[in-house]
Amino acid sequence: MPHPFRWPLRTPLAGRICIVYHICIDIVYIDTVHKETIMARPGITFEQVAAVADALVGEGQQPTIRAVRERLGDTGSPNTIHKHLTAWREARPVAAASAPELPQALTTAIAAEIERAVSQARGEIEGRLVQAQAEAVELAAAGEALEIERDALAEQVAALTRERDTLTGKAAQQAADLAEAQQRIGREQQAAEAARVEVATARLKIEAQAERGSEQTAEIEHLRAALAEAQQGRIAAEQQAAVLTAKLEICAATAQETRQAQAERDDARKQAAEAREQAARLAGQLEALQG
C-alpha cells in the first residue's frame, strides 16, 4: 500500500481542495474511458504531457487527463497520461496563493473556521485521497498489464497473419496441382477413348477375318469334296485301264480288237493322267488355303 499523502506545509486549503477535486475528476475519467483506449497509439512521453499541461495552465485551464488527451489529438493511454501528469504535478513548484488584504479580526475568524473545517474534514479527505491514489496506482498497473497483453495479442495476430499467408500459398499450390491433375485426367480419358476406338476397330477386323475364315473353310470343304471325287475318278480310271489292258492281252490275236483296246487303254491312261493332274491342282489349292 502506498504511503499516506502529506501536503506541503505552505499549501493553501483552497489549493488543496482544488488539487483533490481534479484528481478525483481524473480518476473518474480514467474509469470511463480506459477500456476504449487499450489499443491507443503507444509512445506518449512525459515531455509531451508536461508541455500540454503547462500550456493548459498558461491558458487558465486545469490540466486534467481529458483535457491533455484532447489537446494531444485523442491519442495516448489515459493510464500513461495519468502517470505523466502525476510526475508533472510532483515536479511542479507550488505557488503561494495571493490573498487580498482583510482585517485582522476577520482573517483570524476565517482562519479559525477554516482550521476547524480542515480538522473535521482532513481525516476523511486524506483517506479518500489515499484511496484515490491507491486506485490510480492500481489502475495504472492494470493499464500497463493491458498494454502488455495488447502487445502479446498483436504478436499473436502477426503470427496468425503469417500462418494465414502460408496457408494461402499452400492453397494456391494445391489449386494449381488440382488443375494439373484435372488436365492429366482429361488427357488420360482421351487416350482411353482412343484405345476403346482401336479395340472396337480391331474387334470389327477380327469379326471380318472370322467371316472370311468361314468362307475359306466352306471353300476348303468344297475343294476337299472335289479332290475326293477326282481321286475316286482316278481310281475308277485306273481300274478301267487295268481291265482294258487285260482285255488287250486276251484279245491280242485280233488286230482290230488290239487297236481298239489300245485306244481304250490310251484313253483310260489319259483320263487317269488328267485325274492325277486335277487331284494335284486341288491338293495345291487346299495347301495354299490352309497355309
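Computed from a prediction, not measured in an experiment: that's the story for all the values here.

Draft legend 1. Examining the overall build of the chain more closely. Helix and strand counts for the chain stand at 6 helices and 0 strands. Helices and strands in the chain line up, N terminus first, as α-α-α-α-α-α. Relative to its full complement of 291 residues, the chain shows a buried share of 22%. Residue pairs at least 24 apart in sequence account for 69% of intrachain contacts in the chain once pairs closer than 6 positions are excluded. Counting only carbon and sulfur atoms, one obtains 56% of the accessible surface of the chain, whose full area is about 20,600 Å².

Draft legend 2. Layout of helix α4 (residues 78–91). If you check α4, its first and last C-alpha atoms are 20 Å apart, about what 14 residues at 1.5 Å a residue would give, namely 20 Å. Inspection of α4 places P78, N79, T80, I81, H82, H84, L85 and W88 among the buried residues, and these make up the whole buried set.

Draft legend 3. Local environment of unusual backbone geometry. Of note, the phi angle at D74 is positive, near 55 degrees, even though the residue is not glycine. Within the secondary structure, D74 sits in the loop between α3 (65–71) and α4. By relative accessible area, which is 49% here, D74 ends up partly exposed.

Draft legend 4. Spatial organisation of helix α2 (residues 46–58). When the terminal C-alpha atoms of α2 are compared, their 18 Å separation across 13 residues agrees well with the 18 Å that a helix rising 1.5 Å per residue should span. Of the residues making up α2, those classed as buried are V49, A50, V52, A53 and L56. The buried residues of α2 occupy an angular sector of 165 degrees when the element is viewed end-on, so they sit on one face. Exposed residues on α2 whose side chains face more than 90 degrees from its buried face are E47 and G58.

Draft legend 5. Spatial organisation of the nonpolar core. Counting 13 residues, the largest nonpolar core has V68, L72, I81 and L85 as its most contacted members. Looking at this core, the elements with two or more residues in it are α2, α3 and α4. Membership of the second largest hydrophobic core comes to 5 residues, among which are L223, L227, A230 and A279.

Draft legend 6. Region of the structure containing the pattern of salt bridges. Inspection of the entire model under this criterion finds 9 salt bridges. Here D151 makes a salt bridge to R150, at a shortest N to O gap of 3.3 Å. Of the residues examined, R150 reaches a relative accessible area of 10% and is grouped as buried. Across the pair R224 and E221 runs a salt bridge whose closest N-O atoms are separated by 3.4 Å. Here R224 and its partner E221 are both found in helix α5 (residues 104–250), 3 residues apart, which amounts to about one turn of the helix. On the accessibility criterion, E221 (44% relative accessible area) is partly exposed.

Draft legend 7. Up close: the environment of A237. Locating A237 in the fold gives a position in helix α5. On a C-alpha basis, the gap between A237 and R269 in space is 7.4 Å, while along the polypeptide they are 32 residues apart.

Draft legend 8. Representation of the confidence of the model for the chain within the structure. Scored by pLDDT, the chain has a mean of 78; 78% of the residues are at 70 or more. Every residue in residues 1–10 is under pLDDT 50, and counting partners more than four places away or in other chains gives 14 contacts. Taken together, the stretch residues 33–41 has pLDDT below 50 and engages in 16 contacts with residues farther than four places along the chain or on a different chain.

What counts as what
- Residues numbered from 1 in each chain as written.
- Predicted model: local features only at pLDDT ≥ 70, side-chain atom pairs only at ≥ 80, totals over all residues.
- Heavy atoms only, no water.
- Helix = DSSP H or I, 4+ residues; strand = E, 2+ residues; numbered from the N terminus.
- Buried < 20%, exposed > 50% of the residue type's maximum accessible area, 1.4 Å probe, protein only.
- Contact = heavy atoms within 4.5 Å.
- Areas by Shrake-Rupley, 256 points an atom, 1.4 Å probe, with all protein chains shown as cover.
- Expected span 1.5 Å × (residues − 1).
- Arc of directions from axis to C-beta.
- Core = buried A, V, L, I, M, F, W, Y, C linked by side-chain atoms within 4.5 Å.
- Salt bridge = Lys/Arg side-chain N within 4 Å of Asp/Glu carboxyl O.
- pLDDT = per-residue confidence, 0-100.

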